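Read off the chains here:
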Amino acid sequence: MTDVTIKRALLSVSDKSGLADLGRALAAHGVELVSTGGTAAALRDAGLTVRDMSDLTGFPEMMDGRVKTLHPKVHGGLLAVRDDPAHAASMAEHGIGAIDLVVVNLYPFAATIAKGAGREEVIENIDIGGPSMVRSAAKNHHYVTIVTDPADYAVLIAALEATGGATSLEFRKAMAAKAFAATASYDAAIAQWFAVTDQQQHFPQTLLSANKLVSMLRYGENPHQSAALYVPAQGSPVKGLPQAQQLQGKELSYNNYNDANAALELIAEFGADKPAVVIVKHANPCGVAVAATPLEAWKAALACDSVSAFGGIVALNTPLDGATAEAICEIFTEVVVAPGADEAALAAFARKKNLRLLLLDEMPSASRAGLVTVPIAGGLLVQDRDNGELTDDMLQVVTKRQPTAQELADCRFAWTVAKHVKSNAIVYARDGVTAGIGAGQMNRRDSARIAAAKAQEAAETYGWDAPRTVGSAVASDAFFPFADGLLAAVEAGATAVIQPGGSIRDDEVIAAADAAGLAMVFTGMRHFRH
């Protein structure tokens, strides 16, 4: 069997959008409309004739609507194999009529949670009859059409118009696949709510996640890899790049998304009290600055490593102005992310057709909770998101010399940046600006030396008397296992150090810091990033 003519349709929807138009289209093809409750009322309000579900089943709705479609005359009409003589005999014996089309979307469970509803309301918004009908119709897609998404109403109507009131097997197969995905996503949200919210299981016995496709990407990290962008199927409480408005430029690539997200996560650390700029390349910051204006922050961040900034990602925590946009346009930039842009900024970027400009209504919270997953061969690693924040009571001065107020401020700034640098990470900072960043090395000493070398190169490029590492604070994402990394920072001119501490050689490192006249602060918190 290929085409199936729609003679009877069962409609029961939570989302009423497009319902009246669909009902009219079905009625125009002589389809009998069967419905319940609010859906039936909406169809009647549109001037359509509707048969009540209770009339079809011979049984009233009961228990506050909990029981209305869970009936053999519904599921028999959906699940019967039409050309099976035994099934046909059962239908005739029990007065079961065939149902050819089911249009169902489910109770708004995710939206109920999102608005902060109490437990009883959440439970009442667990749909039972809806998923049952969806699954029955989808299983029997050789004979029954299932539609769960109002976005597909127009496609269904077009199919009916093209065939005189029928649907093709290919269409029914496609809708069945979408229907099973919808019920799986719905059940995953319910299971996770019970496990995490209701039962307070931090790591549930079964970790479920349902996501829906947003777009196919040109390729993955490399051209031979395929890639796509997904978002949580039941909606995300966090706003990020997928929810941003792209005003210009080509579609974002996999690497663009990955790098821009790294920039967004770091810029979110700075709030909106003072303008900040982050420049990222290959998911590592190569320049970060906080200043009185966005333009000053851009210039300072760029000066940290102008070589790496070429072809990079830029993120700001304040709306873009024309002068800052003009300055950014002076070098090749892949993506700019900001919470807004004025007309002058938009005009400046419009001259750079390939630059992608992304505007966000709100920044993600740097302190938000969540789980991070990493696939490994044969399994999945899951951990808490690194939302650790540095508080005053965590700071322990371990050297003879106390840091000055400015050194402590620079330590905090460098520590914030180091949290977002691939390990082993070393960050030099002075006056709210990164002076040099060493990322991803197999030992901490090399990261310290690379960061210092970048600072020296910047000084030569801009004609400074000395690199910015002189008089800087240096942050290390993990403890110094030996004094050599700290001594490399001393050679670069650092005067203050912030690190987690906890090495068996802490005494040796502290002694080296004292000998060099450094002030050193332990945080007791590590920020490995791999």
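Computed from a predicted structure; not experimentally measured. Counting from 1, residues in each chain are numbered in the order their sequence is written. Selection of residues for local features in this predicted model requires a pLDDT of at least 70, selection of side-chain atom pairs for listing and counting requires 80 or more, and totals for whole chains, interfaces and linings are taken over all residues. Hydrogens and water molecules were not included; the side-chain quantities draw on all heavy atoms of the structure.

(A) Quick peek at the pattern of salt bridges. A pair is scored as a salt bridge if a Lys or Arg side-chain nitrogen falls within 4 Å of a carboxyl oxygen belonging to Asp or Glu. Counted under the stated rule, the structure contains 21 salt bridges. Between Lys115 and Glu121 there is a salt bridge, and its shortest N-O distance comes to 2.8 Å. Judged by relative accessible area, Glu121 falls into the partly exposed class, the value being 33%. We note a salt bridge from Arg368 to Glu265, for which the minimum N-O separation is 2.7 Å. Taken together, the positions of Arg368 in the loop between strand 15 (356–359) and strand 16 (371–376) and Glu265 in helix 11 (residues 254–267) put the pair 103 residues apart, joining distant regions of the chain. Taking relative accessible area as the criterion, Arg368 reaches 19% and is therefore assigned buried. Categorising residues by exposure relies on relative accessible area from a 1.4 Å probe, with only protein chains included: less than 20% of the type maximum marks a residue as buried, more than 50% marks it as exposed, and the intermediate range marks it as partly exposed. Residue classification places Glu265 among the buried residues on the basis of a relative accessible area of 14%. Here the residues in one salt-bridge network are Arg8, Glu32 and Arg51, joined through shared partners. A run of DSSP states H or I qualifies as a helix once it reaches four residues; a run of E qualifies as a strand once it reaches two. Both are numbered from the N-terminal end.

(B) Structural view of the sheet that holds strand 4 (residues 51–52). Should DSSP find at least two bridges between two strands, the strands are regarded as paired. Pairing in this open sheet of 5 strands is parallel, and the strands run 4-3-2-5-6 from one edge to the other. Only two strands of the sheet have a single partner each, and these edge strands are strand 4 and strand 6 (145–147).

(C) Region of the structure containing the packing of aromatic side chains. Note on aromatic contacts: the rings of Phe and Tyr and the six-membered ring of Trp form a pair at centre separations within 6.5 Å, being stacked when their planes are under 30 degrees apart, edge-to-face when over 60 apart, and tilted otherwise. Summed over the entire model, instances satisfying the criterion amount to 6 aromatic pairs. With a centroid separation of 5.0 Å and an interplanar angle of 75 degrees, the aromatic rings of Trp193 and Phe194 are classed as edge-to-face. Classification of Trp193 by relative accessible area gives buried; the value is 7%. Here the aromatic cluster, defined as three or more aromatic residues joined through ring pairs, consists of Phe109, Tyr186, Trp193 and Phe194.

(D) Quick peek at the packing of helix 17 (residues 444–462) against helix 18 (residues 483–492). Fitting a line to C-alpha atoms yields each axis, with helices limited to the stretch in contact; the angle taken between N-to-C directions then spans 0 to 180 degrees. Running from N to C, helix 17 and helix 18 cross one another at 15 degrees; their axes reach a closest spacing of 8 Å. Taken together, the axes of helix 17 and helix 18 are roughly parallel relative to one another. Relative to helix 18, the crossing made by helix 17 is right-handed. Along the contact surface, helix 17 presents Arg445, Ala448, Arg449 and Ala452, while helix 18 presents Asp484, Gly485, Ala488 and Ala492. Working rule for angles: under 35 degrees goes down as roughly parallel, over 145 as roughly antiparallel, 65 to 115 as roughly perpendicular, anything else as oblique. Note: crossing handedness is left-handed where the near helix turns anticlockwise from the far helix by less than a right angle, and right-handed where it turns clockwise. What makes two residues a contact is simply this: any of their non-hydrogen atoms within 4.5 Å.

(E) Spatial organisation of the state of the cysteines. Pairs of cysteine sulfur atoms within 2.5 Å are what we label disulfides. Counted according to the given criterion, the structure contains 0 disulfides. Summary of cysteine pairing: Cys286 is not part of a disulfide, and the nearest cysteine sulfur, belonging to Cys304, is at 7.3 Å. Overall, Cys286 belongs to the buried group, its relative accessible area being 6%. Not engaged in a disulfide, the cysteine Cys329 finds its nearest cysteine sulfur in Cys286; these two sulfurs lie 17 Å apart.

(F) Here's a closer look at the environment of Val497. Relative to the helices and strands, Val497 is located in strand 22 (residues 496–499). Setting aside anything within four residues of it in sequence, one finds Val497 in contact with Cys411, Val474, Phe480, Leu486, Leu518, Ala519, Met520 and Val521.

(G) Up close: the side chain of Thr523. Structurally, the position occupied by Thr523 is in the segment after strand 23 (519–522). For Thr523, a relative accessible area of 5% puts it in the buried group. Between N or O atoms, a polar contact is any pair within 3.5 Å; within protein, one atom must be a potential hydrogen donor and the other a potential acceptor, and residues adjacent in sequence are included only when both atoms are from side chains. Within the structure, the side chain of Thr523 is placed 3.0 Å from the backbone oxygen of Met525, a separation counted as a polar contact. With near-sequence residues (within four places) excluded, Thr523 lies in contact with Leu390, Met394, Leu395, Trp415, Ile498, Gln499 and Pro500.

(H) The arrangement of the nonpolar core in detail. Within the largest apolar cluster, 48 residues are counted, with the highest numbers of intra-cluster contacts made by Leu11, Leu26, Val102 and Ile146. Sorting elements by how many residues they give to this core places helix 10 (residues 169–198) first, with 8 residues. Not counting chain neighbours up to four residues away, the residues in contact with Leu11 comprise Leu19, Leu22, Leu26, Leu33, Val34, Ser35, Thr36, Thr39, Leu43 and Val103. Residues belong to one nonpolar core when they are buried, are Ala, Val, Leu, Ile, Met, Phe, Trp, Tyr or Cys, and are joined through side-chain atoms within 4.5 Å. In this structure, Leu241, Ala260, Val337 and Ile498 belong to the second largest nonpolar core, which totals 42 residues.

(I) Looking closely at the pairing of strand 2 (residues 8–13). Burial within strand 2 is extensive, with 6 of its 6 residues counted as buried. Burial of the side chains of strand 2 extends over both faces: Arg8, Leu10 and Ser12 are buried on one face and Ala9, Leu11 and Val13 on the other. Both strand 2 and strand 3 (residues 32–35) contribute to a ladder of 4 bridges, which runs parallel. Paired with Arg8 across the bridge in strand 3 is Glu32. By the criterion used throughout, a crossover qualifies as right-handed when its path from the first strand across the helix to the second strand runs clockwise, the strands pointing away from the viewer. Since strand 2 and strand 3 lie parallel, the crossover through helix 1 (residues 19–28) that links them has a hand, and here it is right-handed. As paired strands, strand 2 and strand 5 (residues 101–105) are joined by 5 bridges and run parallel to one another.

(J) Main features of helix 4 (residues 72–79). All of the buried residues in helix 4 are Val74, His75, Gly77 and Leu78. Axial view of helix 4: buried residues confined to an arc of 155 degrees, hence all on one face. Here the arc refers to the set of directions running from the helix axis out to each C-beta atom.

(K) Molecular detail of a nonpolar patch on the surface. On the surface, a cluster of nonpolar side chains totalling about 350 Å² of accessible area is made up of Phe203, Leu207, Leu371 and Leu380. With respect to the helices and strands, the residue Leu371 is situated in strand 16. Leu371 sits in the partly exposed class, given a relative accessible area of 36%. Only residues whose relative accessible area exceeds 30% and that take part in no salt bridge are eligible for patches, with like-charged residues grouped when within 9 Å of each other and nonpolar side chains (Val, Leu, Ile, Met, Phe, Trp, Tyr) grouped when within 5 Å. The Shrake-Rupley method, run with a 1.4 Å probe, gives the accessible areas here. Residue values count only the displayed protein chains as cover.

(L) Unusual backbone geometry, seen in detail. The residue after Ser423, namely Asn424, is reached through a cis peptide bond having omega -5 degrees. Considering the arrangement of structural elements, one finds Asn424 in the loop between helix 16 (405–418) and strand 19 (426–430). At Gln200, a residue that is not glycine, the phi angle is positive and equals roughly 55 degrees. Here Gln200 shows up in the loop between helix 10 and strand 8 (211–217). Given the relative accessible area of 63%, Gln200 is considered exposed.

(M) Examining the environment of Phe349 more closely. Topologically, Phe349 is positioned in helix 15 (residues 343–350). Using a relative accessible area of 0% as the deciding quantity, one classes Phe349 as buried. Considered as a pair, Phe349 and Gly249 are 100 residues apart in the sequence and their alpha carbons are 9.6 Å apart. Each residue touching Phe349, except ones within four places of it in the same chain, is listed here: Gln248, Leu320, Ala325, Ile328, Cys329, Val336, Leu355 and Leu357.

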